[in-house]
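# Coordinate inspection notes
Here's the letter readout for the chains.
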Amino acid sequence: MDNAEIAKFFMEIADLLEIKNENPFRVRSYRNAGLIIEGLPISLESMVLKDEKSLEDIPGIGTSIHEKIVEIIKTGQCGVHRDLLKEVPSGVLELLKVSGVGPKKAGLLYEKLGIKTVEALEEAARAHRLRNIPGMGERSEGKILKAIEEYKNLKSSSGRFRLSTAEPAARKYAEHMKGLPGVIDVEVAGSLRRWKDTIGDIDILVTCRKGTPVMERFTNYPEVRDVVSKGETKSMVILKSGLQADVRVLEKKAFGAAIQYFTGSKSHNIALRDRAKKMGLKLSEYGVFEEKTGKRLGFEKEEDVYRAIGLPWIPPELRENRGEIEAAEKGELPTLIEGKDIKGDLHVHTNQSDGNSTIEEMAESAMARGYEYILITDHSKAVGIAHGLDGARLEKEMREIDGLNEKLKKNGTKFRVLKGAEADIRADGTLDFSPEVLKKLDCVVGAVHSGFSMPKAEMTGRIVKALSTGYVNILAHPTGRLIGSRQPYEVDMEEVIACAKKHGVCLELNSYPERLDLNDVHLRLAKERGVMISISTDAHSPFHFEYVLYGVYTARRGWLEKTDVVNTRPLGELMKLFKDGR
Ligand code: DGT
Ligand code: CA
Ligand code: CA
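Residues numbered from 1 in each chain as written. Chains lettered and ligands numbered in written order. Predicted model: local features only at pLDDT ≥ 70, side-chain atom pairs only at ≥ 80, totals over all residues. Heavy atoms only, no water.

### So, the domain arrangement of the chain
By the assigned domains, the chain splits into domain 1 (3-156), domain 2 (161-249), domain 3 (254-330) and domain 4 (339-581). The gap between the C-alpha centroids of domain 1 and domain 4 is 28 Å. Residue-level contacts link 13 residues of domain 1 with 14 residues of domain 4. Roughly 1,200 Å² is buried in total at the junction of domain 1 and domain 4, and carbon and sulfur atoms are behind 56% of that figure. (Domains from an automatic or database assignment. Contact = heavy atoms within 4.5 Å. Buried area = accessible area lost by both parts, 1.4 Å probe.)

### Details of the coordination of the calcium ion (ligand 3)
Protein ligation of the calcium ion (ligand 3) involves Asp201 (OD), Asp201 (OD), Asp203 (OD) and Asp246 (OD), the donor distances falling in the range 2.3 to 2.8 Å. Taken in sequence order, the residues that donate to the calcium ion (ligand 3) follow the motif D-x1-D-x42-D. Here the calcium ion (ligand 2) and the calcium ion (ligand 3) are spaced 3.8 Å from one another, each receiving a donor from aspartate 201. Taken individually, aspartate 201 and aspartate 203 each receive the classification buried, so the pair is uniform in this respect. (Donors = N, O, S within 2.8 Å, 3.2 Å for Na, K, Ca; no water. Buried < 20%, exposed > 50% of the residue type's maximum accessible area, 1.4 Å probe, protein only.)

### As for the packing of helix H1 (residues 3-19) against helix H5 (residues 79-87)
Contact geometry for H1 and H5: axes closest at 10 Å, N-to-C directions at 40°. Taken together, the axes of H1 and H5 lie oblique to each other. The way H1 lies across H5 gives a crossing that is left-handed. Contacts between H1 and H5 involve Phe9, Glu12, Ile13, Leu16 and Leu17 from the first element and Val80, His81, Leu84 and Leu85 from the second. For the contact of H1 with H5, the per-class residue count stands at 7 nonpolar, 1 polar and 1 charged. (Axes fitted to C-alpha atoms, helices over the stretch in contact; angles between N-to-C directions. Helix = DSSP H or I, 4+ residues; strand = E, 2+ residues; numbered from the N terminus. Parallel < 35°, antiparallel > 145°, perpendicular 65-115°, else oblique. Left-handed = near helix turned anticlockwise from the far one by under 90°. Nonpolar A, V, L, I, M, F, W, Y, C, P; charged D, E, K, R; others polar.)

### Let's talk about the sheet that holds strand S6 (residues 234-239)
Taking strand neighbours across the sheet as the criterion, the 5 strands line up as S2-S4-S7-S6-S5 in an open arrangement whose pairing is mixed. Single-partner strands in this sheet number two, and they are strand S2 (183-188) and strand S5 (224-230). The mean angle between the axes of side-by-side strands here comes to 20°, regardless of whether they run parallel or antiparallel. As defined by bridge partners, S5 adjoins S6 across 5 bridges and the pair is classed as antiparallel. If you follow valine 227 over to S6, its bridge partner there is valine 237. Contacts from helix H10 (residues 163-178) reach S2, strand S4 (202-208), S5, S6 and strand S7 (244-250) within the one sheet, and its direction differs from that of S2 by about 175°. (Pairing = 2+ DSSP bridges.)

### Overview of the site of ligand 1
Neighbouring ligand 1 are 16 residues; Arg160, Ser191, Arg194, Gly200 and Asp201 lie closest to it. At 3.1 Å, a side-chain N or O of aspartate 203 approaches an oxygen atom of ligand 1. Within the side chain of arginine 273, a nitrogen or oxygen atom sits 3.4 Å from a nitrogen atom of ligand 1. In isolation ligand 1 exposes 590 Å². Once the protein is present, 72% of that is buried. Breaking the shell around ligand 1 down by element, the ones donating at least two residues are helix H11 (190-193), helix H13 (255-263) and helix H14 (266-278). For the shell around ligand 1, a count of residues per class yields 3 nonpolar, 7 polar and 6 charged. Counting the residues that make up the shell around ligand 1, at least three belong to each of domain 2 (161-249) and domain 3 (254-330). (Near = heavy atom within 4 Å. Polar contact = N/O pair within 3.5 Å; in protein donor to acceptor, adjacent residues only side chain to side chain. Areas by Shrake-Rupley, 256 points an atom, 1.4 Å probe, with all protein chains shown as cover.)

### Concerning empty space enclosed by the protein
In the structure shown here, the tally under the stated rule is 2 cavities of 30 Å³ or more. A volume near 50 Å³ is recorded for the largest cavity. For the largest cavity, the full set of lining residues is Gln260, Tyr261, Asn269, Arg273, Leu283 and Ser284. Counting residues per element, the ones that place at least two in the lining of the largest cavity are H13, H14 and strand S8 (281-284). For the lining of the largest cavity, the class distribution of residues is 2 nonpolar, 3 polar and 1 charged. (1 Å grid on protein atoms, 1.4 Å probe; cavity = no way out; pocket = protein on both sides within 12 Å on 5 of 7 lines; lining within 4 Å. Points joined across faces, edges and corners; volume = space filled by probe spheres on them.)

### What to know about the sheet that holds strand S16 (residues 533-536)
Two strands in a sheet stick together by hydrogen bonds in their backbones, pointing the same way (parallel) or opposite ways (antiparallel). Taken in spatial order, the 7 strands of this open sheet run S10-S11-S12-S13-S14-S15-S16, and their pairing is parallel. In this open sheet, the two edge strands, each paired with only one partner strand, are strand S10 (344-348) and S16. When strand S13 (residues 443-447) meets strand S14 (residues 474-475), the two strands line up parallel, connected through 2 bridges. Counterpart to valine 445 in the pairing with S14 is isoleucine 474. Along the sheet face, helix H17 (residues 359-368) touches S10, strand S11 (373-376) and strand S12 (416-424) and points at about 150° away from the line of S11.

### Comments concerning H17
Among the residues of H17, those classed as buried are Ile359, Met362, Ala363, Ser365 and Ala366. Within H17, the buried residues cover an arc of 165° as seen down the axis, which keeps them to one side. Buried residues belonging to H17 abut S10, S11, helix H18 (391-410) and S12. At the C-terminal side of H17, glycine 370 shows a positive phi close to 90°. (Arc of directions from axis to C-beta.)

If you want it as structure tokens, here you go:
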């Protein structure tokens, strides 16, 4: 049982309680537990198997949650969850996936109209029965129908998994394969090696000594649910999580060509093949060959394949046929940013709003990573569910940060905590803190948290107005998407980028796994227009700083170099940038 599965129990308990209109504090504590568990980098299952007491060290997990985690891991079930599902049908939970339907509304829909499936909701909206519910009218019916349409689209496009689900699963699977004596190379290829934001299936390539039982090892993996096919050189399985995985066993001498081919993308491969053809060569998954003589030119390494067709090696993240082959030819490939270039995180929550830990705990975790700074960015009061701060509470938080920095200075520590806020960009484009308060901050992060269904022109105008105030330094999660559950809101990104450029605003690459917002395409556009990017995590717990990994790889897919990223700068330079941006 992985952490995501355990977290799902708690998220659903929170939803079910809220549907039943139960105590909001109870709801919040379950939801928080779910979020904390989702963000843990260590497997709870292995912790519990080793020593149940070790759970006590996880911040934000109390004894009652602790007991339920153990119950779930040991029995695969949770009594509270099961009892709630006796009162609320599971279809009502499904209603929550329709954007605009929260637990309160779902509860009302069920209680007043007996709606317990998305189909029934659609029928009721078409029959104009939703307007009988308090607070709903003709407009909400239209909105819900549109949202159901979206839900169906997402559902049919699913089957794709978040990078953050597939990546650790593939790594574990590869480790399992490496554990078999006789195995030589194990590589994860496909979209995972290119670090795409969603993954269709896991592709694993193996080379081994003759007679090694690779396929047995592959299909006997404990996480396998179904074996779809099992052959001599290729097998396919479905894991318990629903992920599909392929394995191919290859000869050592074809490995370079195979890893190149199976890394893709398909369109990159097609372009390479055309190029080879023009040179009188034939490129396939088996190697590079002279068309006339059939002589093999591609060797064991991927570099050899590229060299044979006159190119330097191209980093997998760029292989989307978006100009990388031309750039490689001219010797103009970017020097892509790396994880070690990041000097701090500029989007960090604490328990003053909806985070789980104190400022000091977040700072300690960041220091342990070798960071030089973090920017504390708690929510503003418009984001009520996040317990957002008003001006007075923010001023108090600033004093606390000053105190902490004094302490750090006294200890001779170079690390600094910067004063910031995630100021909500209200529907009318104004910011949710007064200018007097904003002026006192080191850096202001602005973000949209509501009114996602606004028409495109209105949303663009709203964001442009906020950036034009001169107070915003960074626009957070600029499109609002949640991978697999919420489409980006409609916004003219070219115009937002132009406005950011004009006012010296940075755009965020939010590295939280379900966001990865901006995406690769928009990042590249921002870079081309000279807008700087902040690769930050939106950390709500000390563990979340890890997510920067997904941000860095997404940035690489957007062709970003160290100089394009604001939080690669040392503290002094960073502060000057933010001052000049105002
Ligand atoms: P995914 O799994 O949908 O996230 O994306 P990929 O890129 O991992 O695609 P997948 O698993 O279907 O195939 C792995 C790689 O194999 C793909 O990136 C390129 C290569 N490949 C697969 N089919 C073709 C093809 O028809 N032509 C060419 N040139 N390459 C292919
Ligand atoms: Ca794949
Ligand atoms: Ca595949």
